[in-house]
Amino acid sequence: MAKLTGSRFRWINEQLYTISSEDALKMIKEQPQLFDEYHDGFKSQVESWPENPVDVFVEEIRQRSKRPVNAPGGLPGLKNKQIVIADMGCGEAQLALDINKYFAQIDKRSKPNHRKSHVVHSFDLKKANDLITVADIKNVPLPDNSCTIVVFCLALMGTNFLDFIKEAYRLLAPRGELWIAEIKSRFADGKGEEFVEALKLLGFFHKKTDNENKMFTRFEFFKPPQEIIEERRAKLERKHKFIAVSYTHLRAHETCAD
């Protein structure tokens, strides 16, 4: 039975990686048991790992929540300091369950003015519980600039996974952060450097890459505010102007030499 379950998990996993998110949503709607079979297999697989990437993200939130929202080293928040997290491809919404439990515990011990306002939106292909909204994660029902953290925890599955990244950019408020965990074998170079460059082309700034885990690599990016975009654009313009002037002087010198 274990071999059959493992084989079934691998087959579903391959389907999800080799079809579009739109087709994946259709497949799960037509065969909802596939979602449960996949996540049963996934749980069995993760149990053999040194650590679960969901636990790593929860610990990151715990540590950074000790500082004020929007402060250096703290969690990013909206202007009203609310922390808004979108968990894309959430599975059974374990991230939301753990984070909600954690903030409920610290709120009991905190003074009213020290409590942190937060909300976690969880999206996946099936409503495994009441925390989950069914959606194709290339297009989720949230407004532009409404989130401060977007998480993809082993969820960049599908031939159109860059559409998910574009959706994350749409959702994030300026200075909002994109957190990604992906299996190491997904990257040809083992480090994800080409992946990082692809996301930078979509407008994100790279904060860090964590390769410490044997099974998965963790990435953090942020969406730059307009003033940083303008600063970078001005820097590039100055660089191009310098190159153009240098080239003109060089050509003038070559003409005189001729």
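Everything numeric here is computed off the predicted structure, so don't read it as measured data.

Details of the overall build of the protein chain
Phase 1 of the analysis: From N to C terminus, the protein chain includes 8 helices and 7 strands.
Phase 2 of the analysis: The dimensions of the protein chain, computed from C-alpha atoms along their principal axes, are 85 × 50 × 35 Å.
Phase 3 of the analysis: Looking at the protein chain as a whole, 42% of its 258 residues qualify as buried.
Phase 4 of the analysis: Taking the intrachain contacts of the protein chain between residues at least 6 apart in sequence as the baseline, contacts between residues at least 24 apart amount to 70%.
Phase 5 of the analysis: Total accessible area computed for the protein chain in this model is approximately 14900 Å², and 53% of it derives from carbon and sulfur atoms.
Phase 6 of the analysis: If you average the places of the 40 positive and of the 37 negative side-chain charges in the protein chain, the two averages end up 6 Å apart.

As for helix 6 (residues 161–171)
Since one α-helical turn is 3.6 residues long, residues separated by three or four positions face the same way.
Phase 1 of the analysis: Among the residues making up helix 6, those that are buried are Phe164, Ile165, Glu167, Ala168 and Leu171. Considered in projection along helix 6, the buried side chains sweep an arc of 160° and stay on one side of the axis.
Phase 2 of the analysis: In this structure, the buried side of helix 6 is in contact with helix 2 (21–30), strand 1 (83–88), strand 4 (147–153), strand 5 (172–183) and helix 7 (193–201).

Some thoughts on the pattern of salt bridges
Phase 1 of the analysis: Applying the stated criterion to the full structure yields 19 salt bridges.
Phase 2 of the analysis: A salt bridge links Arg64 to Glu177, with the nearest nitrogen and oxygen atoms 2.7 Å apart. With a gap of 113 residues between them, Arg64 in helix 4 (residues 53–64) and Glu177 in strand 5 connect regions that are remote in the sequence.
Phase 3 of the analysis: A salt bridge links Glu227 to Arg175, with the nearest nitrogen and oxygen atoms 3.3 Å apart.

Describing helix 4
Phase 1 of the analysis: Here helix 4 is 12 residues long and its end C-alpha atoms lie 17 Å apart, about the 16 Å a rise of 1.5 Å per residue gives.
Phase 2 of the analysis: Looking at helix 4, one finds that the buried residues are Pro53, Val54, Val56, Phe57, Val58, Glu60, Ile61 and Arg64.
Phase 3 of the analysis: Considering only its buried residues, helix 4 is in contact with strand 1, helix 5 (94–109), strand 4, strand 5, strand 6 (205–210) and strand 7 (216–222).
Phase 4 of the analysis: Capping the start of helix 4, Asn52 holds a side-chain oxygen 2.9 Å from the backbone nitrogen of Val54, two or three residues further along.

With respect to the environment of Phe222
Phase 1 of the analysis: Looking at the element boundaries, Phe222 is found in strand 7.
Phase 2 of the analysis: Residues Phe222 and Tyr169, 53 residues apart in the sequence, show an inter-C-alpha distance of 9.0 Å.
Phase 3 of the analysis: Excluding anything up to four places from it in sequence, Phe222 contacts Arg175, Gly176, Glu177, Phe204, Phe205, Lys207 and Ile228.

Brief notes about the side chain of Glu167
Phase 1 of the analysis: Along the chain, Glu167 turns up in helix 6.
Phase 2 of the analysis: Judged by its relative accessible area of 6%, Glu167 is buried.
Phase 3 of the analysis: Setting aside residues up to four positions removed in sequence, Glu167 forms contacts with Met88, Ile137, Lys138, Asn139 and Val140.

A closer look at the nonpolar core
Phase 1 of the analysis: Leu16, Ile85, Leu95, Ile99, Phe103 and Val151 are the most contacted members of the largest nonpolar core, which totals 42 residues.
Phase 2 of the analysis: Of all the secondary-structure elements, those providing two or more residues to this core are helix 1 (2–18), helix 2, helix 3 (33–46), helix 4, strand 1, helix 5, strand 4 and strand 5.
Phase 3 of the analysis: At 6 residues, helix 5 tops the list of elements feeding residues into this core.
Phase 4 of the analysis: Residues contacting Leu95, with those up to four places away along its chain left out, are Val54, Phe57, Val58, Ile85, Asp87 and Val151.
Phase 5 of the analysis: Grouped together as the second largest cluster of nonpolar side chains are 27 residues, Ile137, Leu142, Val196 and Leu199 included.

Re the side chain of Ser65
Phase 1 of the analysis: By the secondary structure assignment, Ser65 is in the loop between helix 4 and strand 1.
Phase 2 of the analysis: Within the local environment of Ser65, its side chain forms a polar contact with the side chain of Tyr102, the two groups lying 2.8 Å apart.
Phase 3 of the analysis: Other than its neighbours up to four places away in sequence, Ser65 contacts Leu75, Tyr102, Phe103 and Lys116.

Quick look at the packing of aromatic side chains
Phase 1 of the analysis: Under the definition given, this model contains 14 aromatic pairs.
Phase 2 of the analysis: Judged by centre distance (5.8 Å) and plane angle (20°), the ring pair of Phe57 and Trp179 falls under stacked. With Phe57 in helix 4 and Trp179 in strand 5, this residue pair connects regions lying 122 residues apart in the sequence.
Phase 3 of the analysis: Aromatic pair Phe219 and Phe221: ring centres 6.3 Å apart, planes at 25°, arrangement stacked.
Phase 4 of the analysis: Each residue in the set Tyr169, Phe187, Phe195, Phe204, Phe219 and Phe221 is aromatic and connected to the rest through ring pairs, giving one cluster.
Phase 5 of the analysis: Of note, Arg186 hangs over the ring of Phe161, and the distance from its end group to the ring centre comes to 5.1 Å.
Phase 6 of the analysis: Seen from the ring of Tyr169, Lys223 lies directly overhead, with NZ or CZ sitting 4.6 Å from the centre.

What counts and what doesn't
Residues numbered from 1 in each chain as written. Predicted model: local features only at pLDDT ≥ 70, side-chain atom pairs only at ≥ 80, totals over all residues. Heavy atoms only, no water. Helix = DSSP H or I, 4+ residues; strand = E, 2+ residues; numbered from the N terminus. Buried < 20%, exposed > 50% of the residue type's maximum accessible area, 1.4 Å probe, protein only. Contact = heavy atoms within 4.5 Å. Areas by Shrake-Rupley, 256 points an atom, 1.4 Å probe, with all protein chains shown as cover. Lys, Arg positive; Asp, Glu negative; His and termini not counted. Charge placed at Lys NZ, Arg CZ, Asp CG, Glu CD. Arc of directions from axis to C-beta. Salt bridge = Lys/Arg side-chain N within 4 Å of Asp/Glu carboxyl O. Expected span 1.5 Å × (residues − 1). Polar contact = N/O pair within 3.5 Å; in protein donor to acceptor, adjacent residues only side chain to side chain. Core = buried A, V, L, I, M, F, W, Y, C linked by side-chain atoms within 4.5 Å. Phe/Tyr/Trp six-rings, centres within 6.5 Å; stacked < 30°, edge-to-face > 60°. Lys NZ or Arg CZ within 6 Å of the ring centre and 35° of its normal.

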